[in-house]
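Descriptive structure summary
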Amino acid sequence: MIDLKSLREDPDVARASQRARGEDPELVDRVLAADERRRALLTAFEQQRAEQKEVSRSVGKASPEEREHILAKAKALAEEVKAAETEAGTAQRELDEMLAQLPNLVLDGVPSGGEDDYVVLKEVGTPRDFAAEGFEPADHLDIGHGLGGIDTERGAKVSGARFYYLTGIGARLELALLNAAMDTALAAGFTPVITPTLVKPEIMAGTGFLGAHADEIYRLEADDLYLVGTSEVALAGYHAGEIIDLSDGPKRYAGWSACYRREAGSYGKDTRGIIRVHQFHKVEMFSYVRVEDAEAEHQRLLGWEEQMLALVDLPYRVIDTAAGDLGSSAARKFDCEAWLPTQQRYLELTSTSNCTTFQARRLGVRERGERGTHPVATLNGTLGTTRWIVAILENHQNADGSVRVPEGLRPYLGGLEVLEPVAAR
RNA sequence: GGAGACGUCGCAUAGUCUGGUCUAGUGCGCAUCCCUGCUAAGGAUGUGAAGGGGCAACCCUUCCGUGGGUUCAAAUCCCACCGUCUCCGCCA
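Residues numbered from 1 in each chain as written. Chains lettered and ligands numbered in written order. Predicted model: local features only at pLDDT ≥ 70, side-chain atom pairs only at ≥ 80, totals over all residues. Heavy atoms only, no water.

1. With respect to the protein's contact with RNA strand B
Around RNA strand B, 21 residues are found, and the nearest of them are R49, S56, K75, R366 and T373. Sugar and phosphate atoms form 75% of the subset of RNA strand B atoms that lie within 4 Å of the protein. R8 is positioned such that a nitrogen or oxygen atom in its side chain is 3.0 Å from a phosphate oxygen of RNA strand B. R368 places a side-chain nitrogen or oxygen 3.3 Å from a phosphate oxygen of RNA strand B. Secondary structure elements with two or more residues in the surface near RNA strand B: α1 (4-9), α3 (26-61), α4 (64-101) and β14 (366-368). The element best represented in the surface near RNA strand B is α3, accounting for eleven residues. (Near = heavy atom within 4 Å. Polar contact = N/O pair within 3.5 Å; in protein donor to acceptor, adjacent residues only side chain to side chain. Helix = DSSP H or I, 4+ residues; strand = E, 2+ residues; numbered from the N terminus.)

2. Some details on the packing of aromatic side chains
Evaluation of the coordinates by the stated rule reveals six aromatic pairs. Aromatic side chains F130 and F135 sit 5.3 Å apart centroid to centroid with 90° between the ring planes, which places their arrangement in the edge-to-face category. Its relative accessible area of 7% is what places F130 among the buried residues. Ring geometry for Y253 versus Y288: centroids 6.1 Å apart, planes at 85°, classification edge-to-face. One end of the pair, Y253, is in strand β9 (residues 251-260); the other, Y288, is in strand β10 (residues 279-289), and 35 residues separate them in sequence. Side by side, Y253 and Y288 carry an identical accessibility label, which is buried. Clustering of aromatic rings is evident, with ring pairs tying together Y238, Y253, F286 and Y288. (Phe/Tyr/Trp six-rings, centres within 6.5 Å; stacked < 30°, edge-to-face > 60°. Buried < 20%, exposed > 50% of the residue type's maximum accessible area, 1.4 Å probe, protein only.)

3. Quick look at the sheet that holds strand β15 (residues 373-375)
Spatial ordering of the open sheet is given by β8-β14-β15, a layout of three strands whose pairing is mixed. Pairing within the sheet leaves two strands with one partner each, and these edge strands are β8 (243-244) and β15. Here β14 pairs with β15 via three bridges, running antiparallel. Residue E367 lies in a different strand from β15, and its bridge partner there is H374. (Pairing = 2+ DSSP bridges.)

4. As for the pairing of strand β16 (residues 377-385)
Of all nine residues in β16, nine are buried; the element is thus mostly enclosed. In terms of strand pairing, β10 meets β16 through eight bridges, oriented antiparallel. Bridging from a neighbouring strand, K282 pairs with T385 of β16. Here strand β13 (residues 345-354) pairs with β16 via three bridges, running antiparallel. Within the sheet, the bridge partner assigned to T352 lies in β16 and is G381.

5. Quick word on the domain arrangement of chain A
What the domain assignment reports for chain A is domain 1 (4-101) and domain 2 (115-419). A straight line from the C-alpha centre of domain 1 to that of domain 2 covers 43 Å. (Domains from an automatic or database assignment.)

6. Here's the deal with the environment of H298
Within the secondary structure, H298 is located in helix α11 (residues 294-311). For H298, a relative accessible area of 2% puts it in the buried group. It is 38 Å that separates the C-alpha atoms of H298 and R37, two residues lying 261 residues apart in sequence. Beyond its immediate chain neighbours, meaning those up to four positions away, H298 contacts R332, K333, F334, T352, S353, N354 and L379. (Contact = heavy atoms within 4.5 Å.)

7. A few points about the sheet that holds strand β7 (residues 225-227)
As summarised here, the arrangement of the three strands in space is β5-β7-β6, forming an open sheet in which the pairing is antiparallel. Looking at the sheet topology across the chains shown, the edges are occupied by β5 (198-199) and β6 (219-220). When β6 meets β7, the two strands line up antiparallel, connected through two bridges. Bridged to L220 within β7 is L225.

Take a look at the structure:
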């Protein structure tokens, strides 16, 4: 949610932000009109209410002969107040509804445009030249089959398309990766958290996931709960409605959870293997920081993500996502994308968003300032997901179907250096 | 799933039966100041959130788990829901 007061003071910033996202700048003016209407009706209601309270109080003290007269007056006032309250309430709801449609203001420097208008900030590492090495790289699913690590057929049998089993070394690899991610977070001062994966509607709404992409989210109708697509949701809700103390620096949490996504709009996209699946695991960083510290924290989160990518020794690039591809909560987003040899393209492995005060305002996460309270900033970023297995298998494969274990992961696999195909054993 | 108790301004508690200076009292904590040679102790004042109006001092409205209802008037009465605790039943 955008701050109404600053929107009133400087609507041009919001209009420009809307344009950068490729969305309607006139929504800003509709919000302002609704706000004006609401304030007028609210003031009218409050004045009538104050009068009514005074009259009501005088009823108790009134002499018997005055009483009847005063009571009649009070009754009439009560009617008026009720009507005024209803009107003011309706105006408030209309405003809220409109305000909820307004996405976060993008930060200066964010490229305008849509999905393809990202800016590459840097490229790290060099993709392997498999032609020079003299073999055609296999894709992650073939390698996974060979290792006895990935079973998509039984996944489909039991749960449907886009489900899978990780077995044997596949399961161990995921645990190793996520443990490495947790250790990285711990070393950086994060508090490890295992979160709920079912959350209430107001928490899901507060994080901004129930807007344009609501059909991405699993909903349990019988219980009115949502399955989270990331532990960001549960971690953003963790301090909902609280006044937190950031005087000792940011509050940093590393969430470990299963993630669920309906992948509603992605028919036919990444259907092979475990690139795009309905359920996976993720270690997610989440920071509550002061507003003035948000951009610096964003760089720090990116730094820890790159540390993890270095640990598993993958070639990757960092992109600055364009405004139109940001999602409603983010003011800026950096993705790290690993090179995928069999598809000759980059695949998103991490994503870190600076949500500024957008989520915190909706969820009521504040800190105490000089004069009263104000919302904090929230940021999130990926430290490891099931999908990373795809990039690890493909980039570190050998001609014989075995896979070199990147050194950083070896301690988490009992010192194992090479994953051998099951058939070869 | 059944029965019962409870939910009040950071914490603790009064108020609810019997609706009306509750404009929510008190203690603790906290903040500032005063007093005290130091310490211990004491005194005074202040002490939440959201929204609105005003240049400002300040004023108004809302908030007693949440949402409805009754009433001129609700922390207080009624209904529903949520949460916590205790007991019973069932299940992993």
